[in-house]
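Single-letter residue listing:
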Amino acid sequence: MSTASVPLPNWINYGLIPLINLCAAFIVSGFVVWMIGESPIEALTLLLQGALGRGEGIGFTLYYATSFIFTGLSVAVAIHAGLFNIGSEGQAYIGGLGAAIAALSLDHYVPWYVTMPFAVILSAIFGAAWAFLPALMQAKRGSHIVITTIMFNFIGASLMNYLLVRVLIVPGKMAPETRTFLEGGQLPKLDWLIAMFGSKLGAAPLNFSFLVALFMCLVVWLLIWRTKLGYEIRTLGFSPSAASYGGIPYVRTVIITMLISGGLAGMMALNPVMGASARLQLEFVGGAGFVGIAVSLMGRNHPLGIIFAAVLFGVLYQGGAELSFDMPAITREMILVIQGLVILFAGALEYMFRPAIVRVYQKFVTV
Amino acid sequence: MEYIDIFISILGSTIRLSIPLIFTALAGLFSERSGIFDIGLEGKMLAAAFASASVAYVTGSAWLGLGGGILVSILFSLIHGFASITNRGNQIVSGVALNFLAAGLTVVLGSAWFQQGGRTPSLPAGARFTEIVFPGADAARSMGYLGKFYANVISGQNILTYMAFAAVPLSWWVLYRTRFGLRLRAVGENPGAVDTAGISVTWLRYRALICAGFLCGFAGTYLSTAQSAAFIKDMSAGKGYIALAALIFAKWKPVPVMLACLLFGFLDAFANFMQGKTVFGIGEIPVQIFQALPYILTCVLLAGFIGVARPPKAGGVPYTKER
């Protein structure tokens with residue numbers, strides 16, 4: 001039996017192997033830091049302090065994590081069906097349109113908790129709509145969903161660019177963005193959450209959508225592991241031929257899965273659009289859709305793992321920003337390097353260390 | 001009369017905008033024909049652009065810059081190969097990782113080495129590929145449309161441009177007229193058969209990826225040392241994905257790849273030209289429509305409305321020998 005098919009206990013598969021992959025990514029990142037003449041240890045310390053040292057830092061970390069939970073869930077749901085959704089970025093961008101429409105049309109009349117359900121639904125519908133055509137093309141025509149979702153990212157970017165520059169812009173203003181939402185279109189900040197730990201949120205934009213994100217984790221867990229649809233999705237991802245023999249309709253399952261995936265991506269827009277800036281801005285997604293890929297891979301496509309991975313990336317984003325401030329030699333783009341390495345080691349090289357781990361495991365356990 | 005002048009000028013910029021696409025799409029052709037999806041084209045092009053600008057600046061030689069760009073781009077290809085061939089990892093995930101790495105490393109290293117916020121310093125004339133003026137181009141300019149065409153489109157391009165157009169028949173020849181090319185195409189369709197014939201699938205795919213890295217090196221070098229005179233953060237700006245779209249649009253064939261790249265380059269040039277101009281009866285056409293058009297066309301093609309785009313059969317699937 002080759003080492004690839006030896007069964008390992010869950011704590012190794014879901015705990016140790018991701019951890020080793022993560023460490024590999026960090027070691028290579030540390031090497032890059034060392035190459036530009038800075039101390040990796042000092043950089044790591046500054047990064048952690050910046051992200052977790054004060055209440056404001058934690059607030060920013062969780063703010064970033066909120067976006068990454070949504071996009072991570074989006075990627076994960078699709079992966080369970082064997083679909084690689086690279087389009088979360090575009091779906092989140094279009095989702096912003098839904099959130100903005102809800103906020104712009106309701107903020108004059110009702111408080112935020114009335115606006116929010118509409119915003120959640122509209123952003124999810126808009127995000128899902130943007131995933132619909134790629135899903136339909138995959139299901140009906142067999143066009144590769146990776147390629148079509150990439151194409152839709154660019155088409156979405158052009159569309160939003162047009163809408164923001166020409167249609168939604170406030171007349172007489174230069175910046176391509178909508179008007180600022182009134183209080184009825186803003187999600188409240190979670191000061192009390194940080195205050196519970198005896199600290200202050202400060203300027204950090206951590207907001208109510210964090211709780212929505214956690215709730216969606218629960219919903220996704222129930223959906224994937226506790227419903228018939230979830231069973232069908234997982235069967236399709238495990239083996240499309242088994243699914244078809246088992247009478248699971250391919251077209252329907254692919255389309256529904258992608259609609260859910262797109263909807264989750266679309267809801268990510270609540271966080272920056274209604275939580276942080278209270279307006280729809282150009283390129284507000286800022287790569288969170290792609291971070292979702294790393295988060296989903298790191299978290300082994302499980303909601304609980306995704307929360308941990310999202311917080312980890314939140315730490316990287318917030319800590320990285322502080323780090324570039326303290327160590328000018330290291331720029332913000334260091335995050336992209338670490339992110340790339342995490343995707344590489346946790347995703348593409350996920351089984352590189354497995355044979356070695358299996359040998360060690362067999363030596364100590366099975367004898 | 002004036003229209004012809006405009007047309008020739010658009011044609012000139014079409015060529016300039018198509019060159020990086022042609023190199024990159026040909027790179028993707030080699031990789032994908034061998035059964036390795038290559039989402040990382042964008043990253044390879046960007047990394048090569050940075051490497052060639054850095055080397056060209058330090059050494060003062062454009063040719064050494066090209067060498068540096070090729071070397072780094074091949075290195076990226078090898079990482080992709082290590083992940084997706086040797087470790088049988090997901091090819092798309094690996095490609096996405098490379099794009100992130102390139103986007104990050106170019107700026108981090110660039111800022112650390114040159115202290116210009118991720119840019120490289122401007123390259124002096126000797127460290128760039130500059131325009132080659134063909135004999136009689138100046139005289140031809142005044143000799144009617146054919147002369148203008150000769151002076152503005154045929155002449156006055158840099159050497160990489162001519163190399164790109166030479167790379168098209170060369171790639172065709174390698175893929176369709178050499179034993180290596182035959183095997184490379186076969187491994188993308190049916191790696192099992194190639195393996196049974198006693199040929200190493202692994203080594204064949206690695207060589208295909210090296211070819212891809214080699215060509216992406218030219219694309220990146222064109223961006224930073226020919227089209228502009230420095231590396232600028234994110235200068236590939238999605239061209240790798242456009243090249244991928246062109247590759248699909250051309251149904252994975254060399255000459256159609258060139259034509260698709262020229263079409264997408266033309267759309268880009270035309271969009272630049274149309275910016276702010278009004279069309280009689282329609283009004284101003286949003287530039288975003290032209291920007292989105294290559295992607296929309298590719299989707300329409302993928303949906304099978306303009307013929308069927310059928311990728312190599314074994315594409316995206318890691319090859320496992322029988323255990």
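Residues numbered from 1 in each chain as written. Chains lettered and ligands numbered in written order. Predicted model: local features only at pLDDT ≥ 70, side-chain atom pairs only at ≥ 80, totals over all residues. Heavy atoms only, no water.

> Please explain the overall build of chain A as it appears in this structure.
Scanning chain A for helices and strands turns up 16 helices and zero strands. For 367 residues, the compact-globule formula gives about 21 Å, and the C-alpha radius of gyration of chain A, at 21 Å, lands near that figure. Each principal axis of the C-alpha atoms in chain A carries an extent, and together these give about 75 × 55 × 35 Å. Expressed as a percentage of its 367 residues, the buried residues of chain A come to 55%. Carbon and sulfur atoms make up 69% of the accessible area of chain A, which totals about 15400 Å². Between the averaged position of the 18 positive side-chain charges in chain A and that of its 14 negative side-chain charges there is a distance of 14 Å. (Helix = DSSP H or I, 4+ residues; strand = E, 2+ residues; numbered from the N terminus. Rg over C-alpha atoms; globule rule 2.2 N^0.38 Å. Buried < 20%, exposed > 50% of the residue type's maximum accessible area, 1.4 Å probe, protein only. Areas by Shrake-Rupley, 256 points an atom, 1.4 Å probe, with all protein chains shown as cover. Lys, Arg positive; Asp, Glu negative; His and termini not counted. Charge placed at Lys NZ, Arg CZ, Asp CG, Glu CD.)

> I tried to follow the state of the cysteines on my own but got confused; where do I start?
In a disulfide, the sulfur atoms of two cysteines are held together by a covalent bond. All names here are of chain B. Scanning the model with the defined rule gives zero disulfides over all chains in all. Lacking any disulfide linkage, Cys211 is separated from the closest cysteine sulfur, that of Cys216, by 12 Å. The exposure class assigned to Cys211 is partly exposed, which follows from its relative accessible area of 22%. Of the cysteine sulfurs around Cys299, a residue in no disulfide, the closest is that of Cys261, at 17 Å. (Disulfide = S-S within 2.5 Å.)

> How should I be thinking about the interface of chain B and chain A in this particular structure?
The accessible area lost on association of the parts is a frequent measure of interface size. Facing the 43 residues of chain B at the interface are 41 residues of chain A. In this assembly, chain B packs against chain A so that about 3600 Å² is buried in total across both faces, 80% of it on carbon and sulfur atoms. Looking at the side of chain B facing chain A, the largest losses of area belong to Phe100(B), Val108(B) and Gln288(B), adding up to 17% of the total buried there. Inspection of the region where chain B meets chain A yields one salt bridge. Across the pair Glu333(A) and Lys233(B) runs a salt bridge, and its minimum N-O distance is 2.9 Å. Where chain B meets chain A, there are four residue pairs in polar contact (both at pLDDT 80 or more). (Contact = heavy atoms within 4.5 Å. Buried area = accessible area lost by both parts, 1.4 Å probe. Salt bridge = Lys/Arg side-chain N within 4 Å of Asp/Glu carboxyl O. Polar contact = N/O pair within 3.5 Å; in protein donor to acceptor, adjacent residues only side chain to side chain.)

> Would you mind showing me how to read the packing of aromatic side chains here?
The geometry of an aromatic ring pair is captured by two quantities: the separation of the ring centres and the angle between the planes. Residue and element names in this part refer to chain B. Counted by the stated rule, this structure contains 25 aromatic pairs over all chains. Measuring from centroid to centroid gives 5.2 Å for Phe50 and Phe231, while their planes differ by 75 degrees, and the two rings are edge-to-face. In this pair, Phe50 is assigned in helix H2 (residues 41-59) and Phe231 in the loop between helix H10 (201-227) and helix H11 (239-249), connecting sequence segments 181 residues apart. This pair shows no difference in class: Phe50 is buried, exactly as Phe231 is. Arranged with centres 6.2 Å apart and planes meeting at 20 degrees, the rings of Trp172 and Tyr176 form a pair that is stacked. Of the two residues, Trp172 and Tyr176 both sit in helix H7 (residues 159-177), four residues apart, roughly one turn of that helix. By relative accessible area, which is 33% here, Trp172 ends up partly exposed. (Phe/Tyr/Trp six-rings, centres within 6.5 Å; stacked < 30°, edge-to-face > 60°.)

> It is not clear to me how a nonpolar patch on the surface should be interpreted in this structure. Could you clarify?
All names here are of chain B. Together, Leu170, Trp172, Trp173, Val255 and Leu259 line one region of the surface with nonpolar side chains, adding up to about 500 Å² of accessible area. Of all elements in the fold, only H7 and helix H12 (254-274) reach the threshold of two or more residues within the nonpolar patch. Here the nonpolar patch takes three residues from H7, the largest share from any one element. (Patch = residues over 30% accessible without salt bridge, like charges linked within 9 Å, V, L, I, M, F, W, Y side chains within 5 Å.)

> How should I be thinking about the packing of helix H3 (residues 55-80) of chain A against helix H14 (residues 303-326) of chain A in this particular structure?
A pair of packed helices can be characterised by two numbers: the angle between their axes and the separation between those axes. All names here are of chain A. It is the contact of H3 with H14, at a shortest axis distance of 7 Å, that shows an interaxial angle of 135 degrees. As far as their axial angle goes, H14 and H3 are oblique. The handedness of the crossing between H3 and H14 is right-handed. Contact with H3, carried on its side by Gly57, Phe60, Thr61, Leu62, Tyr64, Ala65, Phe68, Ile69, Gly72, Leu73 and Ala76, involves Pro303, Ile306, Ile307, Ala310, Val311, Phe313, Gly314, Val315, Tyr317 and Gln318 of H14 and no other residues of that element. Taken together, the residues that form the contact of H3 with H14 break down as 16 nonpolar, five polar and no charged. (Axes fitted to C-alpha atoms, helices over the stretch in contact; angles between N-to-C directions. Parallel < 35°, antiparallel > 145°, perpendicular 65-115°, else oblique. Left-handed = near helix turned anticlockwise from the far one by under 90°. Nonpolar A, V, L, I, M, F, W, Y, C, P; charged D, E, K, R; others polar.)

> Whenever I open this one, the nonpolar core confuses me. Can you help?
Residues and elements named next belong to chain A. In this structure, Phe68, Met274 and Phe313 are the most contacted members of the largest nonpolar core, which totals 176 residues. Discounting residues that sit within four places of it in the chain, Phe68 has contacts with Ala288, Val291, Val295, Ala310, Phe313, Gly314 and Tyr317. Core analysis: the next-biggest nonpolar cluster, separate from the first, contains 14 residues, Ala78, Ala243, Ile248 and Val254 among them. (Core = buried A, V, L, I, M, F, W, Y, C linked by side-chain atoms within 4.5 Å.)

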